[in-house]
Amino acid sequence: MRNKHKQFKITEFLIPVHLGDWVRKIAILGCLLLLVSCQGKNQLPKNEAQVKVARVVSGQSLEVLGMAEQPNLISQVRLVGIDAPDLRQRPWGEAAKEQLENLIGGAEQSVTLEFDLETKDKIGRTLAYVWKNKVLLNEELVKQGNAMFVGRSPNHKYDQRLERAQQWARLMGQGIWNPEKPMHLTPAEFRRQNL
């Protein structure tokens, strides 16, 4: 009788320990599944960054907050694949800047920067395609005639889109392509003549 009593106590002792291991394993598995499911939803690809616009500098450049490890540091961003009129190139320079401001929706708005092969220009600005609400802002500026498409090696990811947008703007007589008030010098030519 005593042996049965001891066996019962040993079994009684083993069962809770055995169930405790299973509960612990199931809890760990549940936590891992939760971590994995949350991880993929909010992460951006390695070639993208979510930033806030501090200000629009011109029709082709921005100052943004939130690059890299220092979220309060202002970084200069140059839109890839376009050349917008200089601000002194009136009225086109101001029109390009205003359109970019309108597309972004003002300061403190979030945009996504998408990077191509070369991420910095020779003066240290970040080179990026700028997206807002699934709209490629570089393309919109060209399509409305407020910037020209200028392919720059090695960044050619959206060259076809930008070139088609420019063809459309020219056909429609938009902005700098307006036949009644065309821009006579490209932005690069204007800058060379007005250094």
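Described below are features of the structure shown in this document.

Thresholds, definitions, all that
Residues numbered from 1 in each chain as written. Predicted model: local features only at pLDDT ≥ 70, side-chain atom pairs only at ≥ 80, totals over all residues. Heavy atoms only, no water. Core = buried A, V, L, I, M, F, W, Y, C linked by side-chain atoms within 4.5 Å. Buried < 20%, exposed > 50% of the residue type's maximum accessible area, 1.4 Å probe, protein only. Helix = DSSP H or I, 4+ residues; strand = E, 2+ residues; numbered from the N terminus. Contact = heavy atoms within 4.5 Å. Patch = residues over 30% accessible without salt bridge, like charges linked within 9 Å, V, L, I, M, F, W, Y side chains within 5 Å. Areas by Shrake-Rupley, 256 points an atom, 1.4 Å probe, with all protein chains shown as cover. Salt bridge = Lys/Arg side-chain N within 4 Å of Asp/Glu carboxyl O.

### Some words on the nonpolar core
Now for step 1: Formed by 26 residues in total, the largest nonpolar core has its most connected members in Leu62, Leu100, Ile104 and Leu113.
Now for step 2: Only β1 (48-58), β2 (61-65), β3 (74-79), α2 (92-104), β5 (110-114), β6 (126-132), α3 (137-143) and α4 (159-172) provide two or more residues apiece to this core.
Now for step 3: Of all the elements, β1 adds the most residues to this core, at four residues.
Now for step 4: Residues in contact with Leu113, not counting those within four places in the same chain, are Asn47, Glu48, Ala49, Val51, Met67, Val77, Ala128, Tyr129 and Val130.

### Examining a nonpolar patch on the surface
Now for step 1: Taken together, the side chains of Trp168, Leu171 and Met172 define a hydrophobic patch exposed on the protein surface, amounting to about 360 Å² of accessible area.
Now for step 2: As for its position among the elements, Leu171 is in helix α4.

### Thoughts on unusual backbone geometry
Now for step 1: Of note, the amide linkage connecting Arg90 to Pro91 takes the cis form, showing an omega dihedral of 0 degrees.
Now for step 2: Mapping Pro91 onto the fold places it in the loop between β4 (82-83) and α2.
Now for step 3: Between Ser153 and Pro154 the backbone carries a cis peptide bond, its omega angle lying at 5 degrees.
Now for step 4: Mapping Pro154 onto the fold places it in the loop between β8 (148-149) and α4.
Now for step 5: Phi is positive for Asn133, which is not a glycine, with a value near 50 degrees.
Now for step 6: Positionally, Asn133 belongs in the loop between β6 and β7 (135-136).
Now for step 7: Unusually for a residue other than glycine, Lys134 sits at a positive phi of about 65 degrees.
Now for step 8: The residue Lys134 is located in the loop between β6 and β7 in this model.

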